[in-house]
Amino acid sequence: MSGATIWVTVVVASVVCLVLKLAGHLVPGHWVSHPRVARTAALVTVALLAALVAVQTVASGQHLAVDARLPALGVAAVALALRAPFIVVVVLGALTAALLRAAGMA
Amino acid sequence: MSVSLATGLYGISLGALAVVAGLSVPQAMVLSLLMFSGGSQFALVGIVGAGGTALSAVATAGLLGVRNAFYGVQLSPLLAVRSWRRVLAAHLTIDESTAVATVQPTVRAARVGFWCTGVGVFVLWNLFVLLGALAGNALGDPKKYGLDAAASAAFLALLWPRLVTPVTRWVAASAVVVAVVLVPVVPSGVPVLAAAVVAVAVGWFRGDRTGRRVPGAAR
């Protein structure tokens, strides 16, 4: 993306996110209190995060690649299972990938 | 303290990743100040970095921001503010401030909790994104420091506490499969959006009048 395209992307996406936040504060509660709406919204967040984990770990542009990111994610998962705090999980993930790459892994 | 520290390091990773993805330092800062929602920001930066389209970056960031609208519905009667304070409250409506506000025993404590957490995270978050963006320029190759893996770990950590029911686990697993299968065949950013469609379908039609159930949605 060019610098100008990135500016447009950043500003438009930010305004969309801000409008969504404001909409939540302004709409009457009963509009969205329907269980089906709330349930769908919660599941959309889960699906997006899960897909982002997958893409961020095995996608390299439009190719699939198994590299140091995958074992790093494994270490992060173990840390989460052991109830490690957020920051420990992130640091362990980065550290694992950094050490594996220092050892010669892609 | 631990919330601040987590915010700090999370912000540094975002700032560094943003610069590496091709954003300038001012762009990274406008994104942080104006969007102020960690998951959406990471998603936008990831898609820009992977060469995705502007449309998919906006759509993914926006869809991840939908949960903030639902937080706002919960917070609005609790905070009971008007005019510009309402806009400010909306801007500070994020995972952390909502989580703190909604577990307080009294309305007063909820309001104090919301504003303190919201303002505190806002200041720290933007400060550390700036540090990360400046460091990102100096660091060079982010892969050397495993910053790409840090983003994977961050998304997993955001996802983890949500995997509490069979349905959420099933949706998460399906989303992973859909996204991975689509990566080689569609432009960057689209696999993530396609995974969201799975969630909409499951959320909308699960256990409807026809009695059809999604596999794994045992109750």
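In what follows, the structure referred to is the one given above.
I will try to describe carefully the structure that is included in this document. (Residues numbered from 1 in each chain as written. Chains lettered and ligands numbered in written order. Predicted model: local features only at pLDDT ≥ 70, side-chain atom pairs only at ≥ 80, totals over all residues. Heavy atoms only, no water.)

1. Details of the nonpolar core
Okay, so step 1: Counting 78 residues, the largest nonpolar core has B:Leu44 and B:Val171 as its most contacted members.
Okay, so step 2: Among residues more than four places away in sequence, those in contact with B:Val171 are A:Leu43, A:Val46, A:Ala47, B:Ala199 and B:Val202. (Core = buried A, V, L, I, M, F, W, Y, C linked by side-chain atoms within 4.5 Å. Buried < 20%, exposed > 50% of the residue type's maximum accessible area, 1.4 Å probe, protein only. Contact = heavy atoms within 4.5 Å.)

2. Overview of the packing of helix α4 (residues 69-81) of chain A against helix α8 (residues 147-159) of chain B
Okay, so step 1: Where α4(A) meets α8(B), the closest approach of the two axes is 9 Å, and the angle between their N-to-C directions is 35°. As for the relative orientation of α4(A) and α8(B), their crossing is right-handed in sense. Residues A:Arg69, A:Ala72, A:Leu73, A:Ala76, A:Ala77 and A:Leu80 of α4(A) touch α8(B), and the partners they reach there are B:Asp148, B:Ala149, B:Ser152, B:Ala153, B:Leu156 and B:Ala157.
Okay, so step 2: Here the residues of the contact of α4(A) with α8(B) sort into nine nonpolar, one polar and two charged. (Axes fitted to C-alpha atoms, helices over the stretch in contact; angles between N-to-C directions. Helix = DSSP H or I, 4+ residues; strand = E, 2+ residues; numbered from the N terminus. Left-handed = near helix turned anticlockwise from the far one by under 90°. Nonpolar A, V, L, I, M, F, W, Y, C, P; charged D, E, K, R; others polar.)

3. Re the layout of surface pockets
Okay, so step 1: In this structure, the second largest pocket spans a volume of roughly 610 Å³.
Okay, so step 2: Lining of the second largest pocket is provided by 28 residues; of these, A:Gln56, A:Arg69, B:Gly46, B:Gly49 and B:Ala50 occupy positions nearest its centre.
Okay, so step 3: If you list the elements that add at least two residues to the lining of the second largest pocket, you get α3 (35-58) and β1 (59-60) of chain A together with α1 (2-21), α3 (38-49), α8 and α10 (190-205) of chain B.
Okay, so step 4: Top element by residues in the lining of the second largest pocket is α3(B). It accounts for six residues.
Okay, so step 5: Taken together, the residues of the lining of the second largest pocket break down into 17 nonpolar, seven polar and four charged. (1 Å grid on protein atoms, 1.4 Å probe; cavity = no way out; pocket = protein on both sides within 12 Å on 5 of 7 lines; lining within 4 Å. Points joined across faces, edges and corners; volume = space filled by probe spheres on them.)

4. What about the interface of chain A and chain B?
Okay, so step 1: Contact residues are listed per partner, giving 65 residues for chain A and 92 residues for chain B.
Okay, so step 2: The contact between chain A and chain B buries some 6700 Å² in all, and 78% of this surface belongs to carbon and sulfur atoms.
Okay, so step 3: Looking at the side of chain A facing chain B, the largest losses of area belong to A:Lys21, A:His25 and A:Phe86, adding up to 12% of the total buried there.
Okay, so step 4: Among the salt bridges present, the one from A:Arg101 reaches B:Asp148, with a minimum N-O distance of 2.9 Å.
Okay, so step 5: Our count for the chain A to chain B interface comes out at 16 residue pairs in polar contact (both at pLDDT 80 or more).
Okay, so step 6: At 22 residues, the largest contribution of residues to the side of chain A that touches chain B is made by α3(A). (Buried area = accessible area lost by both parts, 1.4 Å probe. Salt bridge = Lys/Arg side-chain N within 4 Å of Asp/Glu carboxyl O. Polar contact = N/O pair within 3.5 Å; in protein donor to acceptor, adjacent residues only side chain to side chain.)

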